[in-house]
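Structural description and commentary
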Amino acid sequence: MPNRLAQEASPYLRQHADNPVDWFPWGEEAFAKARSENRPILLSVGYSACHWCHVMAHESFEDPDVAAVMNELFVNVKVDREERPDVDSIYMEAVQALSGQGGWPMTVFLTPTGEPFYGGTYYPPRATHGRPGFLELMRAIDEAWRERRDQVDQQARQLTDGIRANSAAMPAAAEVGDEQLDAAVAGLMRAFDQEWGGFGGAPKFPQPSFSELLLHRSFDSNNPGILAAVASTAAAMAAGGIYDHLGGGFARYAVERTWTVPHFEKMLYDQAGLIRLYTRLWRAAPDPAWAQVVDETITYVLRDLAHPEGGICAAEDADSEGVEGKFYVWSLDEVTAIAPQAVDWYGVSESGNFEGTNILRRPLRQALLRPAEVEEARRALFQVRETRVRPGLDDKVLTEWNAMFLGALCEAAATFGRADWESAARALAERLPARTRRGDGRWMRAAGSRHLAVAADYAWVVDAYTRLTEMTGDTAGLETAVRTAHDMVDLFWDKDSGGLLTVAHDSERLITQPRDTYDGATPSANSVAAVALARLGALTSDRTWTIRAEEIINSISGQITRSPTSVTNALLAVDLLRRGIDEVVITGSREDLLTVVQTGWWPRSVLAHGRGWDSPLWEGRKPDLAYVCRDASCRAPVGDADSLRTALAPG
C-alpha cells in the first residue's frame, strides 16, 4: 500500500511512495508525531536525478528489514532538495560541520524540534569497506537517544547554535570594486587547467559563472589570455563526454579532469547556464562551434524536457534500467554496425573508456564541427539510441530553473536571429505564471507544489522577464519583472542586514533563517537579484532598483573582499554598478541597429526597442535612430551600425 508520499507533487518523493518505510513529507504532521512519541526524526534528502540516491533507495528503503528498523525507531521524513532548498541548505551545513563534507543522499538525525545531532550522506545497509552500515548506525543512534540523551541534546544545541551563528554572521561591509574583480580573475586564472580547460581538478563542474566573469572582464581587458581560458574551457567541455554528442545537452559534471566520464544526470539549470555562456562567448568571439552547441542544447531541452502542460521539466536521471549511464554508452561492435565512419571521430575502441563501454567524445584539439559523413553517422546513432529505455524524467516544473532557461533562450533567440526560439520563449513566458503562480500573484516553488517560492525563484523571474522585454520590445515582460521585483523586496528583504533572505517573512519558521550568497553550481539568489535589479533599474530609469542592487552588494561586501572567487556572479553586479550600464534605445524599425546590439558583446548594456514605455528613456526620441544613454542622460543619436558599435565600445 503506498505511503503518504504518493500524494506529493515532487516526482522524487513519489518514487518512494511504495517503499515499506513509513515516510512523511516535511511538515508539522511529522514533527508532531515525533514530539508526541519522543522519537528522533530521520531526515533523508535527495533529488530525482541523483544516482547514489537511487542506490540507497534500492539497498535500504526498499528493504523490508531496513524499513522495519526505520519505522520502529524513527519518524522518517523525505525531502526533495530541489523543492525545499531552504531545508537542504540548513541541514547540509550541519552534515558538513559533522563530517567535513556533504552530498546526496543526505541522511540527518534530528530532535523532534528539528535540531540536528548527527548526519552523513550515503550509507550502505550493512558495514562494508570501512563504511558504517545504515542498520548499525540507526541502532547506535537509538541507543544514544535512549541512554545518553543529555549528550544528544547538547550536540544538537551546539550544532544548531553554530548554524544560527553562521547564518547571522555577516562579515563587516567593505568597499568593493576593481581590486576584488582583479583578485577573482587572478584566482580563476591560477586555477585554470591549461591542458584540459576548466578550473581546478577532479571532479570538474562546468561552473559557468567562472567563465562568465572572465568573459565579462575580457570586454575591456588587454589580456588575451582571459578570453582564451574561456574559449579553451568551452571547447574542452563540448569535446568531452560531459556533452551529449548525439542528442545535445550537458551532464552535471565530469568525475575526472579530462571531461570524459560524466555523472550522467542532465539538469535544466546546467543547460540554462551553458546556453547563456556559449551564446555570450559567440558574441565575444564568433565561432560556428559555439553556435552548434547552443543549437543542440536548446533542441535537447525543447525536445526532451518540455512538459506537456507547459514549462520545462527539471532533469533526467543518470540511470536507465537501473544502470548508470546505460542510455549513453556504446560498444565498438554497435557503432561499427550502425555508423562505422563515427568510430574514429568519437574515439570508439574495443576496450572503451568507461567500464568496458564507450562514452562518445572528441579529441580535444580537433575540430568540433562535424563533416557531412559524420553528421549522417551521428543522426543514425541518435535514431538507434532513441529506441533505448530513456533515463527517468523528473517532470517537476521549477520556477527558478524555468526562469533561468527562459532568460537564456531569450538571449539565444535574439543573438542568432531564431524566430522559432523566440516563439518558444514567448510560449514559456506565458505558461510559466499559469503553472507556478497562484491567482493572488504569489509565485510557488514548482507547478502543483504546496511550497512557496524562495528568493532565487523571484530573482530569476525578474532577470528572465527583463530579458524577454529586450528580445521582444513588448512591455508585458517588463510589467512582470517590475511586479516581481516589488514582491521580492517586500517578501525577502532582510531589514537588519540588507539583501535577501532565502525564504519569505511569512513562510514556515525553520531552526534558522538561511541566506543564499555563495555562487556555486548555480549563482546565489542575492547575486542574481543584484544583477537583475541593476539591469531593471537601467531599463526602466527607476533608481529604486539600482539602489536595491547596491544594497545587496553592500550586504555581502565582506564576503566579496574575503573570498572573491566564491561570489563570481555577484562581481558582475559590482562591475555593472561601478562602471554603469549603457541604456540603448532604438526607435522605429531599424533591424540593422538591433543586430549590432543583439549580436555584439556589450556586457554592460540593456536594450529598449519597440513601441516604448513610460520612461525618460523614450522622451522626445526621433524615429529610426539609436540612442546610447547612461542614467537616462543620452549622447547624440546615431543612425548607422558602425557609429553604434563605436558608441558601445569600451573606453
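The coordinates are above.
Here we summarise the structure given alongside this text. (Residues numbered from 1 in each chain as written. Predicted model: local features only at pLDDT ≥ 70, side-chain atom pairs only at ≥ 80, totals over all residues. Heavy atoms only, no water.)

Section: the environment of Ala-238
Among the secondary structure elements, Ala-238 is positioned in helix α10 (residues 224-239). Judged by relative accessible area, which is 4%, Ala-238 ranks as buried. C-alpha of Ala-238 to C-alpha of Leu-368: the two residues are 130 residues apart in sequence and 7.5 Å apart in space. If sequence neighbours within four positions are ignored, Ala-238 has contacts with Tyr-243, His-245, Tyr-278, Val-293 and Leu-368. (Helix = DSSP H or I, 4+ residues; strand = E, 2+ residues; numbered from the N terminus. Buried < 20%, exposed > 50% of the residue type's maximum accessible area, 1.4 Å probe, protein only. Contact = heavy atoms within 4.5 Å.)

Notes on the nonpolar core
Counting residues in each nonpolar core, the largest one holds 181 residues, and the members touching the most others are Phe-134, Met-138 and Tyr-278. If near-sequence neighbours (up to four positions away) are discounted, Phe-134 is found in contact with Leu-42, Met-56, Ser-60, Phe-61, Val-66, Met-70, Thr-107, Phe-109, Tyr-123, Pro-124, Pro-125 and Arg-126. (Core = buried A, V, L, I, M, F, W, Y, C linked by side-chain atoms within 4.5 Å.)

Describing the sheet that holds strand β13 (residues 582-586)
Strand order in the open sheet made by the 4 strands is β14-β13-β15-β16, with mixed pairing throughout. The outermost strands of the open sheet, each flanked by one partner alone, are β14 (605-608) and β16 (633-634). Sheet topology places β13 next to strand β15 (residues 626-630); 4 bridges connect them, and they run antiparallel. Pairing of Val-585 across the sheet is with Tyr-627, part of β15. Packed onto the sheet, helix α24 (residues 591-599) meets β13, β14 and β15 and runs at close to 155 degrees relative to β13. Across the sheet, helix α25 (residues 641-648) is in contact with β13 and β15; its angle to β15 comes to roughly 10 degrees. (Pairing = 2+ DSSP bridges. Axes fitted to C-alpha atoms, helices over the stretch in contact; angles between N-to-C directions.)

Structural notes on the state of the cysteines
Cysteine pairs can be covalently joined through their sulfur atoms, and such a bond is termed a disulfide. Tallying each qualifying case throughout the model produces 2 disulfides. In this model, Cys-50 is linked to Cys-53 through a disulfide, with the two sulfur atoms separated by 2.4 Å. Linking Cys-50 and Cys-53, the disulfide has an S-S dihedral of approximately 80 degrees and is accordingly described as right-handed. Neither Cys-50 nor Cys-53 differs from the other in exposure class; each is buried. Here Cys-629 pairs with Cys-634 through a disulfide, and the sulfurs are 1.9 Å apart. What sets the handedness of the Cys-629 and Cys-634 disulfide is the S-S torsion sign, and at about 90 degrees it is right-handed. Residue classification places Cys-629 among the buried residues on the basis of a relative accessible area of 1%. Along the chain, the cysteines engaged in disulfide bonds are linked according to the scheme 1-2, 3-4 when indexed in sequence order. (Disulfide = S-S within 2.5 Å.)

Observations concerning the sheet that holds strand β8 (residues 266-267)
Here 3 strands make up an open sheet; going across it, the order is β8-β9-β12 and the pairing antiparallel. The sheet is open, and its two borders are formed by β8 and β12 (393-394), each paired with just one other strand. With 2 bridges joining them, strand β9 (residues 315-316) and β12 adopt antiparallel strand pairing. When the bridges of β12 are listed, Glu-316 appears paired with Leu-393.

Comments concerning the packing of aromatic side chains
Tallying each qualifying case throughout the model produces 24 aromatic pairs. Centre to centre, the rings of Tyr-243 and Phe-250 are 4.8 Å apart; their planes meet at 55 degrees, and the pair counts as tilted. You'll find Tyr-243 and Phe-250 in the same group, each marked buried. A network of ring pairs unites the aromatic residues Trp-23, Phe-61, Tyr-123 and Phe-134 as a single cluster. Its end group placed over the ring of Tyr-47, Arg-81 keeps NZ or CZ at 5.6 Å from the ring centre. Between Arg-548 and the ring centre of Trp-493, over which it is positioned, the NZ or CZ distance is 4.5 Å. (Phe/Tyr/Trp six-rings, centres within 6.5 Å; stacked < 30°, edge-to-face > 60°. Lys NZ or Arg CZ within 6 Å of the ring centre and 35° of its normal.)

As for helix α18 (residues 455-472)
Between its terminal C-alpha atoms α18 stretches 26 Å, which fits the 26 Å expected from 18 residues at 1.5 Å a residue. Among the 18 residues of α18, 18 are classified as buried, and the element is accordingly described as predominantly covered. Gly-473 sits one or two positions beyond α18 and adopts a positive phi of about 80 degrees. (Expected span 1.5 Å × (residues − 1).)

Let's talk about the pairing of strand β5 (residues 116-120)
In terms of burial, β5 is a largely internal element, 4 of the 5 residues being buried. For strand β4 (residues 106-110) and β5, the ladder comprises 4 bridges, and the chain directions are antiparallel. Looking at β5, one finds that Leu-110 is bridged to Pro-116. In this antiparallel pair of consecutive strands, β4 and β5, the connection spans 5 residues, and Gly-114 shows a positive phi of 90 degrees.

A look at the pairing of β14
Of the two faces of β14, the one lined by Ser-605 and Leu-607 and the one lined by Val-606 and Ala-608 are each fully buried. Pairing geometry for β13 and β14, over 4 bridges, is parallel. Its bridge partner lying in β14, Asp-582 is registered against Ser-605. For the segment spanning β13, α24 and β14, crossover handedness is right-handed. (Right-handed = clockwise from strand over helix to strand, strands pointing away.)

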